[in-house]
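Residue strings, one per chain:
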Protein chains: 2
Amino acid sequence: MEKRVSEAVIRRLPRYYRYLKMLQGMGVERISSKSLGEIMETTASQIRQDFNCFGGFGQQGYGYHVGELKNRIAEIIGLNKGYQIIVVGAGNIGQALAGYRAFLQEGYEITALFDNDPHVVGGSVGDIPVLPMDDLERFIQRNRVDIAILTVPEQHAKAAAQLLCDAGIRAIWNFAPVDITLENLVCENVQLTDGLMALTYKLNAANGQ
Amino acid sequence: MEKRVSEAVIRRLPRYYRYLKMLQGMGVERISSKSLGEIMETTASQIRQDFNCFGGFGQQGYGYHVGELKNRIAEIIGLNKGYQIIVVGAGNIGQALAGYRAFLQEGYEITALFDNDPHVVGGSVGDIPVLPMDDLERFIQRNRVDIAILTVPEQHAKAAAQLLCDAGIRAIWNFAPVDITLENLVCENVQLTDGLMALTYKLNAANGQ
DNA sequence: TAGATTGTTAATCGATTAACAATC
DNA sequence: TAGATTGTTAATCGATTAACAATC
């Protein structure tokens, strides 16, 4: 039933969700691909093609029902299921992500942080305990963990990812500046520094370098 | 001389830089596009095409000199220039980014954070002072600021971006979950939540949803 | 019914990959 | 010189855009 979904489409799904949520919050009940395209600065064609990967949720002559479409996309992404997340590496970024409210609202719950530093182990970030790395494997075995956020220093990232994979984790959101690719595992490599450098390139290009 | 550089190529430049730095650190002096492609899990063709946007830096029959190639790419990105950065919004993420060491190593210096919360204003993050938002415009006028990191709450993001743009900022690295697009300004919208959702989709797709 | 807008097929465009002459 | 590997042109592939019949 579903066609093959390209990486480009997958990346646009959360953005559709975000705009539909905003429109719903504004009280908009129906929208055409044309209007949505204007708001999102994309083409109506692209929107209809994208939705068509998952079947038609519109009505000819009417357009799309905002609330229903939003719910359908949430379901496609899998937001209805709820997820338990651990953060591996309780440094600056790890702690910041653990305290980020927006995730909670979409059904993501962070249950524990892990670190080796005795200054943070035993403490907590908000209500979330910081546990020693030695407990990581056992924790995963005894608790449901759907996703691991990886925020350890660069030199430990590959080993930590392997450990997580061996322990049965099937999704890693990696913030270390290395590319993680492992079998039987999906991984999103964020590469913050790469993003800053891409911005830097564009800044210089815009200044007629 | 330079061809039009596509978004896809721009996004790959920092990754080339990262791998070349690693190879240099390992003492590798020369490399062919074939070997580099194997290491980076891409094709030799793509590597040669990408470099060719900026002119040829290789030598037939030999390959590329790692150190020289790394320096050329650093120069293309603009890493040789050094950048002064401010962080607007001193919450979790803002403070974490202000304390992130990796930026410093590449010539990025964070000079100030800005916030409205009296609990943080007047304090500092590491050595970096947290100043009141009211001082933002004046600070930009009196100090060199090349890039602004935007980490304010969603509802204030658009207004803060406009303020920065009006004050003369030409590059924004935006972490708020809204799309910023302004005239005369380059912007990198990070969209952390979108990334987590893309990962979620893939996790479910992998589990034979 | 007539107008609007979808779902879907066809055309276009751009990016990736392959091929190969140039040359170190 | 012969082998290796680039720079660059040509072929392929996939994604985006346009077009239009179907239909609410």
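Notes on the structure in this doc start here. Here the structure is a predicted model, which is why all the values come from computation and not from measurement. All chains use their own residue numbering, which begins from 1 and follows the written sequence. Here every chain gets a letter starting at A, and every ligand a number starting at 1, in the order they are written. Restriction of local features to residues with pLDDT of at least 70 applies here, the model being predicted, together with a cutoff of 80 or more for giving and counting side-chain atom pairs; totals for whole chains, interfaces and linings are based on all residues. Only hydrogens and water are set aside; all other atoms, that is, all heavy atoms of the structure, feed into the side-chain values.

Here we look at helix H4 (residues 66-77) of chain A
- The secondary structure listing takes helices from DSSP runs of H or I that are at least 4 residues long and strands from runs of E that are at least 2 residues long, numbered from the N terminus. Expected helix span is taken as 1.5 Å per residue step, with the number of steps being one fewer than the number of residues. Under the 1.5 Å per step criterion, the end-to-end length of H4 of chain A is 16 Å for 12 residues, consistent within 8% with the ideal 16 Å.
- Listed in full, the buried residues belonging to H4 of chain A are Val66, Gly67, Leu69, Lys70, Ile73, Ala74, Ile76 and Ile77 of chain A.
- Any two residues whose heavy atoms approach within 4.5 Å are treated as being in contact. If you follow the buried residues of H4 of chain A, they end up packed against helix H1 (7-25), strand S1 (30-31), helix H3 (44-52) and strand S2 (64-65) of chain A together with helix H9 (192-206) of chain B.
- Where H4 of chain A ends, the next residue or the one after it, glycine 78 of chain A, has phi of about 105 degrees, a positive value. Under the scheme applied here, a residue whose accessible area is under 20% of the maximum for its type counts as buried, over 50% as exposed, and between as partly exposed, the area being computed with a 1.4 Å probe on protein chains only.

So, the pattern of salt bridges
- Just to be clear on terms, a salt bridge is a Lys or Arg side-chain nitrogen sitting within 4 Å of an Asp or Glu carboxyl oxygen. Tallied over the entire structure, the rule returns 24 salt bridges over all chains.
- Aspartate 194 of chain B is paired through a salt bridge with arginine 18 of chain A; the nearest N and O atoms lie 2.9 Å apart. With aspartate 194 of chain B in helix H9 and arginine 18 of chain A in helix H1, this residue pair bridges two chains. Each of the two residues, aspartate 194 of chain B as well as arginine 18 of chain A, counts as buried.
- A network of salt bridges, in which partner residues are shared, links Glu7, Arg11 and Glu188 of chain A together with Lys202 of chain B.

Regarding the protein's contact with DNA strand D
- The cutoff for a nearby residue is simple: one of its non-hydrogen atoms must lie within 4 Å of the molecule or strand. Within the structure, DNA strand D sits among 27 residues, and Ser45, Gln49 and Gln59 of chain A together with Ser33 and Asn52 of chain B are positioned closest to it.
- Counting only atoms of DNA strand D within 4 Å of the protein, the sugar-phosphate share comes to 53%.
- Throughout this description, a polar contact denotes any pair of N or O atoms lying within 3.5 Å of each other; where both atoms belong to protein, one of them has to be capable of donating a hydrogen while the other can accept it, and for residues adjacent in sequence the pair is counted only when both atoms sit in side chains. Arginine 48 of chain B places a polar side-chain atom, nitrogen or oxygen, 2.7 Å from a base oxygen of DNA strand D.
- Every element with two or more residues in the surface near DNA strand D is listed here: H1 and H3 of chain A together with helix H3 (44-52) of chain B.
- Among the elements that take part in the surface near DNA strand D, H3 of chain A stands out by supplying 4 residues, more than any other.
- Classes in brief: Ala, Val, Leu, Ile, Met, Phe, Trp, Tyr, Cys and Pro nonpolar; Asp, Glu, Lys and Arg charged; the others, Gly included, polar. When its residues are assigned to classes, the surface near DNA strand D shows 4 nonpolar, 18 polar and 5 charged.

Remarks on the relation of the copies chain A and chain B
- What sets the superposition is a least-squares fit of C-alpha atoms, and only residues with pLDDT of at least 70 in both copies go into it. Note on the copies: chain A fits chain B at an RMSD of 0.0 Å, the axial shift is 0.0 Å, and the rotation between them is 180 degrees. The transformation relating the two chain copies, once decomposed into turn and shift, fits a two-fold axis. Considering only C-alpha atoms, the part of chain A nearest the rotation axis is alanine 96 of chain A, at 3.2 Å.
- Both copies share a contact surface, since 100% of the interface residues of chain A are interface residues in chain B too.

Thoughts on the interface of chain A and chain B
- Residue-level contacts link 60 residues of chain A with 60 residues of chain B.
- Summed over both sides, the interface of chain A with chain B buries roughly 5300 Å², with 64% coming from carbon and sulfur.
- Using a 1.4 Å probe, buried area is obtained as the accessible area two parts lose upon being combined, added over both of them. Summed over the three residues of chain A that lose the most area to chain B, namely Met197, Leu199 and Tyr201 of chain A, the buried surface amounts to 14% of that side.
- Counting across the interface, chain A meets chain B through 8 salt bridges.
- Applying the counting rule to chain A against chain B returns 22 residue pairs in polar contact (both at pLDDT 80 or more).
- Looking at the side of chain A that touches chain B element by element, the count peaks at 14 residues for helix H9 (residues 192-206) of chain A.
- For the side of chain A that touches chain B, the per-class residue count stands at 36 nonpolar, 10 polar and 14 charged.

Considering the packing of helix H1 (residues 7-25) of chain B against helix H4 (residues 66-77) of chain B
Residues and elements named next belong to chain B.
- Here an angle of 0 to 180 degrees is reported between the N-to-C directions of two axes, which are lines fitted to C-alpha atoms, with helices fitted over the stretch in contact. Look at H1 against H4: their axes get within 9 Å of each other, and the N-to-C directions meet at 150 degrees. Comparing their axes, H4 and H1 come out roughly antiparallel. Remark: the crossing between H1 and H4 carries left-handed chirality. Contacts between H1 and H4 involve Leu13, Pro14, Tyr16, Tyr17, Leu20, Lys21, Leu23 and Gln24 from the first element and Val66, Gly67, Leu69, Lys70, Ile73, Ala74, Ile76 and Ile77 from the second.
- Residue composition of the contact of H1 with H4, by class: 12 nonpolar, 2 polar and 2 charged. Working definition: roughly parallel below 35 degrees, roughly antiparallel above 145 degrees, roughly perpendicular at 65 to 115 degrees, and oblique for all remaining angles. Definitions for this section: a left-handed crossing has its near helix turned counterclockwise from the far helix by less than a right angle. A right-handed crossing has that turn clockwise.

Comments concerning the packing of H9 of chain A against H1 of chain B
- The contact between H9 of chain A and H1 of chain B brings their axes to 9 Å, and the two run at 125 degrees. On the basis of the axis angle, H9 of chain A is oblique to H1 of chain B. Like other packed secondary-structure pairs, H9 of chain A and H1 of chain B cross with a definite hand, here right-handed. The segment H9 of chain A lies against H1 of chain B, with Asp194, Met197, Ala198, Tyr201 and Lys202 of chain A engaging Glu7, Ile10, Arg11, Leu13, Pro14, Arg15, Tyr17 and Arg18 of chain B.
- When the residues that make up the contact of H9 of chain A with H1 of chain B are grouped by side-chain class, the tally is 7 nonpolar, no polar and 6 charged.

Details of the environment of valine 186 of chain B
- As for its placement among the helices and strands, valine 186 of chain B is situated in strand S9 (residues 186-189).
- Residues valine 186 of chain B and leucine 164 of chain B lie 22 residues apart in sequence; the distance between their C-alpha atoms is 12 Å.
- Beyond its immediate sequence surroundings of up to four residues, valine 186 of chain B is in contact with Leu199, Lys202, Leu203 and Ala206 of chain A together with Arg170, Ala171 and Ile172 of chain B.

Things to note about a nonpolar patch on the surface
- Together, Met22, Met26 and Ile39 of chain A make up a nonpolar patch on the protein surface, roughly 290 Å² of accessible area in all.
- Mapped onto the secondary structure, methionine 22 of chain A falls in helix H1. For patch detection, residues must exceed 30% relative accessible area and be free of salt bridges, and they are connected within 9 Å for like charges or within 5 Å for nonpolar side chains (Val, Leu, Ile, Met, Phe, Trp, Tyr). All accessibility values rest on the Shrake-Rupley procedure with a 1.4 Å probe; residue burial counts only the protein chains present in the view.

Looking at the environment of tyrosine 19 of chain A
- Structurally, tyrosine 19 of chain A is set in helix H1.
- Each C-alpha atom, one on tyrosine 19 of chain A and one on lysine 70 of chain A, is 8.8 Å from the other, the two residues being 51 residues apart in sequence.

Focus on the protein's contact with DNA strand C
- Close contacts around DNA strand C come from 27 residues, with Ser33 and Asn52 of chain A together with Ser45, Gln49 and Gln59 of chain B the closest.
- Residue arginine 12 of chain B places a side-chain N or O atom 3.1 Å away from a phosphate oxygen belonging to DNA strand C.
- Note that a base oxygen of DNA strand C is positioned 2.6 Å from one of the side-chain N or O atoms of glutamine 49 of chain B.
- Those elements that provide at least two residues to the surface near DNA strand C are H3 of chain A together with H1 and H3 of chain B.
- With 4 residues, the single largest contributor to the surface near DNA strand C is H3 of chain B.

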